[in-house]
Each structure stands twice: as C-alpha cells, then as structure tokens.
Amino acid sequence: MAHGIEIVEVATSAPPVVYAGPVDRVLAAVNHAVVVVSSVALVIAAAVLSYSVFARYFLHVPTDWQDELSVFLIVGAVFMSGAAVQVRRGHIGIEAVVAIMSTRVNAVRQVLVDLASFLFCAFFAWKSFTLLHEALVEGYHSTTTWEAPLWIPYSLMAVGMSLLSIQILAQVTAALVGRRARP
Amino acid sequence: MSVLSIGLLYGGATLLVMFSGMPIAFALGAVATLFMIAFMPAASVDTIAQNVYEEMASITLLSIPLFILKGAAIGRSRAGQDLYGTLHAWMHRIPGGLGIANVFACALFAAMAGSSPATCSAIGSAGIPEMRKRGYSGGFAAGIIAAGGTLGILLPPSITMILYAVAAEQSLGRLFLAAIGPAFLLVAMFAAYAAWQFLREHRRARALHERTGAFSELLRPDELTLRDKFALLPRVLPFVILLTGVMIALYGGYATPSETAGLGAVLALLLIASIYSVWTPRELEPILTATLRESTMLMFIIGMSLLYSYVMSYLHISQSAAQWIVSLELSRWVLLATILLLVVVLGFFLPPVSIILMTAPIILPPLKAAGFDLIWFGVIMTIVMEMGLIHPPVGLNLFVIKNIAPDIPLADVIWGVVPFVALMIVAVVVLSLVPDISTWLPHKVMDTGVDWMQVVRVTGYGCALILAAGFLIRFAVKRSAPAR
C-alpha cells in the first residue's frame, strides 16, 4: 500500500539504539510491554468487528457498541505505540536534504529537529492532559447510544503522547552527552 | 495579515520544516500548532488535542490498521509463492505465459494483501528468479513485478482510497467499485505488453540461435504436468475464496467497510494458521509488530494531516486557493492536467496519504466546479500516485526489487519499468476519454441494486469465454510451435 507508506521498511532499517542508561532501559521495557498490549488490542478490535457482522446477521442483535469499542482499541494502540516507533526512528521524514549534508552538520540538524519534535509532542501531551481533566470533571460521554466515557481514549492519548515526548527527549540527551549508539 | 500572505507563509513554513528532515507527522502538527497560536483565538489552541482525536476517531479511518494486519498476515506467509506457482502452471502455454502469470499473481495478491511493496517482494522473490531462469531479460522481469505491485493501491481494499473517500467525503464502497474497472484495464494492458515483449525477446533469441547457434532458455518449451496444475490449488483456493467472500460481504451489504477490514484480518490470521500453521505467539509476533509500527506511523501522519488541513481551512487558505484556481477559468482538461502534474511533483517528496489529505480541500472544489465526477477523479489520482511508486526519485517498488534481485543493475530495472509507466499514462488518458470504465460498475451496483443471479450468470459467461479463449490460444500456439 504504498501508498508510499511502506517507506517505513526502509526507515526502520536504522541501527537499533544501544540501551545504556537506566532511563533508556526503563523506556525500552515500557515500550516493549506497550507493543505487546497494543498488538493484542488490534487483534481484539478485528475480532470485535467480525463479531458485529455475526451478531447482526445470525443473532439479530442490534450492534451499537462494536464500532466505538474498536475505535477506542485502535486509537489507544496507535497513540500508545508512538514512542516505540520513535525508538527506531520509524516516523518517516523527507530525507532528501540529509543525503547532501556532512556528518557533523547532520548531527546538529538531527538534534534541532528532535528538539522541535519534542516541543510539539510535549505541547500536544499537555493539551491532551487538560482535555482528559475536563472529560473527567465534566463527565464527557460519546454521542452514540453506547455513551462510552471519553476519558478512556483521552487518557490513552495523553499517556501515549507523554511517552513519545519522553522518548524523544531521551534521544536528544543521548545525542548531546555523546552516548548515542554509533551505527 | 491578508489571507494570501498567511497562505504563502503557511506553505513556506511547511516546506522549510519538511525539508529539515523532521518526521512528516510532527512537522505538519508543529506548523499547524504554530499558526494556531499566531493567528487563531486562544480557545481553539486549547482544543487541539480534542480536534485531532475527533478527526481520527472515525471507524472508517481506523479500519486502516486492520487492512494492514490482513496484508501483513498474508504477505508474510508462503501464500505469494504458492499463488504464483499455481498461476504459472495453468498459464505456461500462452506465449509469455510466465510473465502474464506474474502480472495476474501480482494483481490477485495485491487485492488480498493491499500493499504494493509487499506484493513486489512476495511475488517477485519467486517470480523474478524463475523468469530470468527462463531467459527473460532482467529489466523485463523487474518491470513486470514493479508494475504489477502498484496494482495494490488501486485494487480494493486500498488505504489510499479510504483516505480519499474520507477527504473528499465520498462513499467508500462506491470508490472501491469504481476502481475495479480501471484495475482490470491495467491488468489487461500489462498482460498484453508482457506477451508482446516476450514475443519480441523470443524472436530475437531465435534469430540469434539461427545465426550463431547460441542457445537461449527462452527457446526451451515449458513442460509442466497436470499434477503441477493441481498440486498447489488446495492451498491457493482458500485465499481466493477469502478475497471474494470479503468482497461479497461488503457489496452485498452484509458488512460495512470497517467490518470488512476486521473480518478480513481475522480470516487471514485463521487461514495462515490452518494452511501454513503460523499460529504460535513467536511466529505471530513479527506480523503483529510490523502491523503496529506501520499503522502507528501512518495514523500519526493522518491525524496531523487532518489537523493541518483544519487549520488551513479555518484560516480560509484552502478556500481562497480553491477560488483562485476556479477564477483562472482554465479549460477542463488543462485544469485536470495541471492538478495531476501537481500530484506527480508532490509525489516526489510526500507519501500519498499526506498528498491526499493536504491537497483535497484545495483541488477538489475546482474539479467539482469543472464538472468532474469526484469518484472518478479518486481513481485517476490513485493511478497517478501509483506511478510515483515505480519512477524515480522515490520509486519505492524499485528499491524492493533491488533488494530481491541485487544483481540486476538499477538502470536495467528503471528501463524495464518505463514501458509500464507509459501504459499507465495511456490508461489515465483512456479513462479520461471513457469515464464509464470506472463509473459504470458503481452506478450499476449502488444505484440500480444488484441482481445476484445476474452476477452469477455474467461470471459464468466470463469464465466460459476465458476458457474458450485459452483453448484457442493453446491450439494456435501448438500449430505454430517452433521446432525443438
């Protein structure tokens, strides 16, 4: 589907980061757990949607919660694994300029780009937390018949974006103190 | 500040940040956020997270990871090789049958897996060595696979089309149907070219043989027995049935597109478990992890692209740009050509997902005003973006081929692909002249209702026709077969 999408295959061939510090090790463990749980969430979402077809046509039960539950599962899986993808620099960017830069300039560019990414993700995480707070206080519900509480997906989004911010920050610090793994 | 200067600033900032190598998702999000802070009321900046969530929390968009899961499950099993082997056994008597079998295998596999590079590597890893063993030139073999792989984003379910349906606010089912006619057209053109090119290479080899006595594998007739024809069938048929079953569930109105995605993923996992006994957590882990990584990367880009176009439309940039294009009063075809050229150029830098979401609010209103059918345009735009997969500078499929067959020089691969790019351009022109190829099927199915008996009848006639043609070709080839 490329959709140009699978550029990820090329991008993820970047060398894996060597985990040196305790922060990195904790992050790696958290990311691993998140990936496992998120993978299972995806499969559950697929099963829930399949069940929805089955329920409607064979059991003649109205299907009101399946779509919403799948949305929560998939949105949660996506936001939570943002950090795990960032570890291997799996969020693709345009590499055209990178190729013509010297290694030194490129290292500086990488730090600046990471800092900018961090600022954006941290800002987004902060706004997600205020949204989560609002949803908890005001008791936001979805507008569907299922009336699911919205703090569930909001909290996954907030935690996921925070994890991602921490991950980028860890990569920046690693680069700055020269602990970055050499390819 | 006027809308024009804000718009130029917005575009300029985007270019700058994108080319700094910042991940596309964060780049789009950061530019959008900065402009929100600078030009929009503070209250709207506060709702940025809610905004992204609400845009993303659509089950149509979120069916994308499930389609990827289905593709990864099928793509990482041996299904590709088996499918290719079977088609080869059944088609080897047609001139260029091996090449045609590769085109068909790519098309079928792409429809099941929905991924271009996955199709290239699954069919190509078996197909390219086989074609070269049989004397096909490296460039020709690579061209067939690279071009065949692109069918992945045209055949439903394609992620590009899901996004187009969302961005253009068109019916996804209708769009999927509209792509089927053009997909058949492309498959037929690719197959015809494969046969023609085979005959050319064959003639050249025979002339050389007669002149110098040099023997080429192209001249050796294929010998495959009836057993070969049936050996792999039990493994291939379930996948084909899965494919058609899921389609029927979708178009028969039994399932929504997102339910189809879930069903497809579950069935694909069950099939690879039962046929290739891939079921232990250790074997499933790479499939699931790859799916999750790709989906996450993609959904981040999608979410941030949506935020980006929201800001663009809030600041009236997209509307003004669209109005400006309309006010140019270009003739219909100049407008279409210009827009397609823009898509091609953007394709040099951006993945199709961001092209669609970022440009839709600007290019679709003028197209609509010029009287183009937006469903039809979705198909055209998809074919044009497909071409971007096989021509430089991005040409993702070329790199996949380079990976499978490192000994074919890149120049040969590119030259082998050129005729297929030309064929795709011809297809775009044909579809512009005869839009019915694309719009007839959705109109027939969605507007007049489907008479399933008629579908069965037409399918029956089609099969009979193909069989008859097959026998005729076989008969003709036998009579004109070169002496051994």
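Before going into details, it helps to say that this report is about the structure given with it. (Residues numbered from 1 in each chain as written. Chains lettered and ligands numbered in written order. Predicted model: local features only at pLDDT ≥ 70, side-chain atom pairs only at ≥ 80, totals over all residues. Heavy atoms only, no water.)

A grouping of A:Tyr51, A:Phe54, A:Tyr57, A:Phe58, A:Leu59, A:Val61, B:Ile248 and B:Tyr254 is seen on the molecular surface, where their side chains present a nonpolar patch of about 760 Å² in accessible area. Tracing the backbone through its elements, the reader meets A:Tyr57 in helix 2 (residues 22-59). When its relative accessible area of 34% is taken as the criterion, A:Tyr57 is described as partly exposed. (Patch = residues over 30% accessible without salt bridge, like charges linked within 9 Å, V, L, I, M, F, W, Y side chains within 5 Å. Areas by Shrake-Rupley, 256 points an atom, 1.4 Å probe, with all protein chains shown as cover. Salt bridge = Lys/Arg side-chain N within 4 Å of Asp/Glu carboxyl O. Helix = DSSP H or I, 4+ residues; strand = E, 2+ residues; numbered from the N terminus. Buried < 20%, exposed > 50% of the residue type's maximum accessible area, 1.4 Å probe, protein only.)

Now for the nonpolar core. By size, the foremost hydrophobic cluster in this structure holds 209 residues, and its most contacted members are B:Ile64 and B:Phe377. Per-element tally for this core: the top contributor is helix 11 (residues 172-212) of chain B, with 18 residues. If near-sequence neighbours (up to four positions away) are discounted, B:Ile64 is found in contact with B:Ile159, B:Ile162, B:Leu163, B:Leu298, B:Met299 and B:Ile302. Grouped together as the second largest cluster of nonpolar side chains are six residues, A:Leu27, A:Val34, A:Met80 and A:Leu163 included. (Core = buried A, V, L, I, M, F, W, Y, C linked by side-chain atoms within 4.5 Å. Contact = heavy atoms within 4.5 Å.)

It is worth spelling out the interface of chain B and chain A at this point. On the side of chain A, 62 residues touch chain B, which itself brings 65 residues to the contact. Summed over both sides, the interface of chain B with chain A buries roughly 5600 Å², with 76% coming from carbon and sulfur. Broken down residue by residue, the surface that chain B buries against chain A is led by B:Phe26, B:Tyr53 and B:Arg293, which jointly contribute 14%. At the surface where chain B touches chain A, the tally comes to two salt bridges. Between A:Lys127 and B:Asp46 there is a salt bridge whose closest N-O contact spans 2.6 Å. At the junction of chain B and chain A, the tally comes to 10 residue pairs in polar contact (both at pLDDT 80 or more). With 13 residues, helix 15 (residues 281-314) of chain B is the single largest residue contributor to the side of chain B that touches chain A. (Buried area = accessible area lost by both parts, 1.4 Å probe. Polar contact = N/O pair within 3.5 Å; in protein donor to acceptor, adjacent residues only side chain to side chain.)

This part is about the state of the cysteines. As enumerated under the stated definition, the model contains zero disulfides over all chains in all. Of all cysteine sulfurs, the one in B:Cys106 lies closest to B:Cys120, which takes part in no disulfide; the gap is 6.4 Å. (Disulfide = S-S within 2.5 Å.)

Let's shift gears to a positive patch on the surface. Taken together, the side chains of B:Arg200, B:Arg203, B:Arg204 and B:Arg206 define a basic patch exposed on the protein surface. Along the chain, the position of B:Arg204 falls in helix 11. (Lys, Arg positive; Asp, Glu negative; His and termini not counted. Charge placed at Lys NZ, Arg CZ, Asp CG, Glu CD.)

The next subject is the packing of aromatic side chains. Under the definition given, this model contains 22 aromatic pairs over all chains. A centroid spacing of 5.6 Å and a plane angle of 65 degrees characterise the contact between A:Phe79 and B:Phe300, whose relative ring orientation is edge-to-face. Placement of the pair is A:Phe79 in helix 3 (residues 66-80) and B:Phe300 in helix 15, with the two residues belonging to separate chains. Between B:Tyr193 and B:Phe420, the aromatic rings sit 5.0 Å apart at their centres with planes inclined by 80 degrees, giving edge-to-face as the arrangement. Taken as a pair, B:Tyr193 in helix 11 and B:Phe420 in helix 21 (residues 410-433) lie far apart in primary sequence, 227 residues in all. (Phe/Tyr/Trp six-rings, centres within 6.5 Å; stacked < 30°, edge-to-face > 60°.)

Once that is clear, we can look at the pattern of salt bridges. Residues and elements named next belong to chain B. Across all of its chains, the model carries seven salt bridges over all chains by this definition. Arg134 is the salt-bridge partner of Glu130, the closest N and O atoms lying 3.4 Å from each other. In this structure Glu130 comes out as buried when scored by relative accessible area, which is 17%. For Asp407, the salt bridge is made with Arg132, and the minimal N-O distance between the two is 2.9 Å.

This part is about helix 4 (residues 48-56) of chain B. Working note: α-helix, 3.6 residues per turn, so residues spaced by three or four point in the same direction. Burial runs high along helix 4 of chain B: seven of the nine residues are buried. Buried within helix 4 of chain B are the following residues: B:Ile48, B:Ala49, B:Gln50, B:Asn51, B:Val52, B:Tyr53 and B:Met56. Buried residues along helix 4 of chain B sit in contact with helix 3, helix 5 (103-138) and helix 6 (151-176) of chain A together with helix 2 (24-39), helix 3 (42-46) and helix 15 of chain B.

This paragraph deals with the environment of B:Ser318. Residues and elements named next belong to chain B. In this fold, Ser318 is placed in helix 16 (residues 317-327). Residue classification places Ser318 among the buried residues on the basis of a relative accessible area of 1%. For the pair formed by Ser318 and Ile362, sequence separation is 44 residues and the distance between their alpha carbons is 5.1 Å. In this view, Ser318 contacts Met312, Ser313, Pro361 and Ile362; residues no more than four positions away in its chain are not counted. A polar atom in the side chain of Ser318 sits 3.5 Å from the backbone nitrogen of Ser313.

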